[in-house]
Number of protein chains: 2
Amino acid sequence: MRHYIGVDLGGTNIKAGVVDETGRILAEDSRKTKIPRPESEVCADIVETILCALSQAKLTLGDIEGVGVGCPGRMDSTRGVVVYSNNLIWREYPLCDMLRESLHRPVYLGNDANVAALGEVWAGSALGASSAVIVTLGTGVGAGIVIDSRILTGYNEAASEFGHTVIVHGGAPCTCGRRGCFESYASATGLVRMTREAMEQHPESLLWKLTDLAGVDGRIAFIAGRKGDKTAAEVVDRYIDYLACGLANIINAIQPEVISLGGGVAKEGDPLLIPLRERTYREVYSGLGEKYTRIELCTLGYKAGIIGAAMLALGNPR
Amino acid sequence: MRHYIGVDLGGTNIKAGVVDETGRILAEDSRKTKIPRPESEVCADIVETILCALSQAKLTLGDIEGVGVGCPGRMDSTRGVVVYSNNLIWREYPLCDMLRESLHRPVYLGNDANVAALGEVWAGSALGASSAVIVTLGTGVGAGIVIDSRILTGYNEAASEFGHTVIVHGGAPCTCGRRGCFESYASATGLVRMTREAMEQHPESLLWKLTDLAGVDGRIAFIAGRKGDKTAAEVVDRYIDYLACGLANIINAIQPEVISLGGGVAKEGDPLLIPLRERTYREVYSGLGEKYTRIELCTLGYKAGIIGAAMLALGNPR
């Protein structure tokens with residue numbers, strides 16, 4: 001059995017895991033990233049986290065085929081350089097070279113959302129799929145495209161930003177500068193905005209008994225809707241409508257074998273998934289044939305980032 | 001030098017060309033498709049068209065490595081079957097098997113829009129690009145995605161329908177059943193609709209001196225706009241705005257090295273292309289870095305279909 005290291009380097013935590021070639025995590029360890037501080041200190045902590053995980057797995061660096069790192073921001077995976085990371089406050093940092101100096105193993109780099117998508121294909125909700133798009137419904141809408149077990153990075157490694165494709169021309173302003181992006185409607189943030197707007201228009205809604213405007217989160221409309229509140233049910237309905245619109249766009253463009261949904265909103269499970277499937281499939285070009293995109297929920301949680309990072313090393317043999 | 005046959009099988013014409021491995025057409029021939037008639041008769045005419053093209057190139061079937069066919073509709077390229085073609089009125093027709101019986105050469109099949117995209121990458125506007133999306137602005141909006149010299153067909157060979165991704169939620173009805181599709185705004189048909197609407201609102205417009213409502217085509221707004229008509233200039237402006245929105249969506253999703261525009265509207269050239277580039281680039285996520293998507297015009301015209309079909313055979317060696 002071959003073994004790999006997967007590192008999920010985030011703005012808050014450094015997580016590292018020892019992963020076998022089947023995508024199973026044998027041991028993992030984590031540290032705080034403690035940004036801002038010098039890059040070299042973060043690198044030293046990455047190495048320490050890896051060594052602790054290895055030690056728990058009763059393995060040494062010599063047992064490892066390679067190391068993969070998922071990192072937020074814009075990567076140059078060919079050069080192994082973090083081109084720009086807002087979360088880490090890094091620019092043009094040669095992360096792979098720095099880690100290789102300490103680890104003496106091959107090191108590979110990828111964007112964290114893309115790497116997590118690879119994890120779901122390797123060992124999670126899209127296991128064995130010839131192609132998959134993983135869509136994360138959190139503060140924003142993230143996405144990763146995997147085709148034939150490889151990340152579709154695009155010409156400049158900035159692809160798969162479905163969150164920043166416009167679905168409502170001239171619609172709600174997005175953090176990216178455009179108006180009407182999928183993210184502005186299908187993120188938890190978008191759901192919160194729509195919930196607040198509905199509350200302001202409906203003082204009679206049960207929503208007011210559950211929260212004030214400041215306390216609105218991405219779950220409250222689902223909760224009040226299940227209790228029979230009409231205003232809340234309409235918010236959920238509208239949210240699912242926009243989400244279905246964006247997913248149908250992804251299907252018509254890419255026709256992946258699987259779309260998997262992750263992030264906070266996806267935790268709603270079937271009350272989200274069942275109407276979402278029905279409405280998305282209604283909008284697929286030329287209808288559903290024998291082969292159509294399955295819409296599923298992600299199953300690996302944070303582990304997708306570790307497993308996917310390890311799979312970067314597996315997919316790039318020396 | 002190796003040689004291939006490329007066939008562009010349309011509802012109106014059968015075109016066949018002898019293509020060398022550099023993507024150059026050495027000779028070509030064509031016949032009317034004469035639909036409706038039995039599939040076997042169409043097949044016989046495809047074979048005859050191929051033999052005539054070969055004879056013009058002073059070659060025989062024995063000199064040919066393989067034959068590729070581009071066909072409108074839904075294909076199963078693995079089985080070599082035309083699953084469904086509205087234009088040919090064919091269903092589940094085993095075209096590759098039928099042609100192989102007569103030609104005794106390997107035969108490959110692809111969707112015509114995808115195949116034309118492959119032609120532009122092999123020998124036209126996207127020559128040598130690692131990835132490209134070809135967008136055709138005609139009666140509808142067609143598209144083909146090519147990555148690493150291969151067509152992105154998706155799980156069910158129905159991918160790349162960017163024309164049927166919604167950019168205006170709840171907008172103009174589309175032939176596909178959705179509302180607000182990119183095609184409803186960026187096709188020549190969409191441009192004609194917007195021109196007519198503007199004429200109805202502006203009886204003072206120069207457009208009325210050039211045409212009546214029935215005579216409106218996809219060029220008239222560009223022509224009147226150049227003559228200084230404000231109404232027409234606003235139509236062109238709005239059209240370019242929607243087109244830029246859709247292209248920025250494609251870029252944010254796929255980040256291809258090149259987007260090439262074909263079809264009737266693309267013939268406008270620089271008056272379309274220059275403002276289009278400027279507006280599209282404004283909407284690209286995180287702005288333009290060192291590497292960004294070039295936006296170009298297709299250069300091969302109908303030859304893209306022949307060359308791309310031949311390249312199906314080249315890209316699928318025995």
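Residues numbered from 1 in each chain as written. Chains lettered and ligands numbered in written order. Predicted model: local features only at pLDDT ≥ 70, side-chain atom pairs only at ≥ 80, totals over all residues.

Draft legend 1. Spotlight on the overall build of chain A. Helix and strand counts for chain A stand at ten helices and 13 strands. Its C-alpha atoms give chain A a radius of gyration of 21 Å, within 12% of the compact-globule value 20 Å for 318 residues. C-alpha atoms of chain A, sized along the principal axes, occupy 65 × 45 × 35 Å. The buried share of chain A, reckoned over its 318 residues, is 54%. When contacts within chain A are restricted to residue pairs at least 6 apart in sequence, those whose partners lie at least 24 apart make up 64%. (Helix = DSSP H or I, 4+ residues; strand = E, 2+ residues; numbered from the N terminus. Rg over C-alpha atoms; globule rule 2.2 N^0.38 Å. Buried ≥ 20, exposed ≤ 12 C-beta atoms within 10 Å, placed from the backbone. Contact = placed C-beta atoms within 7 Å.)

Draft legend 2. Local environment of the relation of the copies chain A and chain B. Once chain A is rotated about the relating axis by 180° and shifted along it by 0.0 Å, it coincides with chain B to within an RMSD of 0.1 Å. The superposition operator between the copies reduces to a two-fold rotation axis. When you check the interface residues of chain A against chain B, 100% turn up at the interface there too, and the contact is symmetric in its surfaces. (Least-squares fit on C-alpha atoms with pLDDT ≥ 70 in both.)

Draft legend 3. Region of the structure containing the interface of chain A and chain B. Between chain A and chain B, the contact holds 33 residues from the first and 33 residues from the second. Ranked by residues supplied to the side of chain A that touches chain B, first place goes to helix α8 (residues 230-254) of chain A with five residues.

Draft legend 4. Representation of the nonpolar core. Ranked by internal contacts, the top residues of the largest apolar core, which has 214 residues, are Val7(A), Ala117(A), Ala310(A), Val7(B), Ala117(B) and Ala310(B). Excluding anything up to four places from it in sequence, Ala310(B) contacts Tyr4(B), Ile5(B), Gly6(B), Gly17(B), Val19(B) and Gly68(B). (Core = buried A, V, L, I, M, F, W, Y, C linked by C-beta atoms within 7 Å.)

Draft legend 5. Representation of the domain arrangement of chain A in the model. Residues and elements named next belong to chain A. Domains assigned within chain A are domain 1 (3-121 + 302-315) and domain 2 (128-297). Taking the mean C-alpha position of each, domain 1 and domain 2 sit 29 Å from one another. Of the residues lining the interface, 14 residues belong to domain 1; the matching set on domain 2 comes to 17 residues. Secondary structure elements with two or more residues in the side of domain 1 that touches domain 2: β5 (74-76), β8 (107-111) and α3 (112-123). (Domains from an automatic or database assignment.)

Draft legend 6. Unusual backbone geometry, seen in detail. In this chain, Ile35(A) is followed by Pro36(A) through a cis amide linkage whose omega measures 0°. Of note, the phi angle at Gln255(A) is positive, near 45°, even though the residue is not glycine. Residue placement: Gln255(A) occurs in the loop between α8 and β12 (258-262). The residue His104(B) is not glycine, and still its phi comes out positive at about 55°. For His104(B), the location among the structural elements is in the loop between α2 (95-103) and β8 (107-111).

Draft legend 7. Quick look at the sheet that holds strand β4 (residues 64-71) of chain B. Residues and elements named next belong to chain B. Taken in spatial order, the five strands of this open sheet run β3-β2-β1-β4-β8, and their pairing is mixed. Each having just a single partner strand, β3 (25-32) and β8 make up the two edges of the open sheet. Here the average twist between neighbouring strands, direction ignored, is 20°. Of the pairings in the sheet, the one linking strand β1 (residues 3-9) to β4 comprises six bridges and is parallel in character. Bridge pairing in β4 links His3 to Ile64. Against the sheet, helix α3 (residues 112-123) contacts β1, β4 and β8, and its axis sits at roughly 105° relative to β8. Lying on the sheet, helix α10 (residues 303-314) is in contact with β1, β2 (13-20), β3, β4 and β8; it crosses β1 at an angle near 130°. (Pairing = 2+ DSSP bridges. Axes fitted to C-alpha atoms, helices over the stretch in contact; angles between N-to-C directions.)

Draft legend 8. Representation of the sheet that holds strand β11 (residues 150-151) of chain B in the model. Residue and element names in this part refer to chain B. The sheet built from five strands is open, its strands ordered β11-β10-β9-β12-β13 with mixed pairing. Looking along the sheet, the strands with just one partner apiece sit at the ends: β11 and β13 (294-297). Note: strand β12 (residues 258-262) against β13, four bridges, orientation parallel. Looking at the pairing, Ile259 lines up with Ile295 of β13. Taken strand by strand, α3 contacts β9 (131-137), β10 (141-147), β11 and β12, and its axis lies near 55° from that of β10.

Draft legend 9. View of the confidence of the model for chain A. Per-residue confidence for chain A gives a mean pLDDT of 96; residues scoring 70 or more make up 99%. Across the interface, the model reports ipTM at 0.94; the global pTM reads 0.95. (pLDDT = per-residue confidence, 0-100.)

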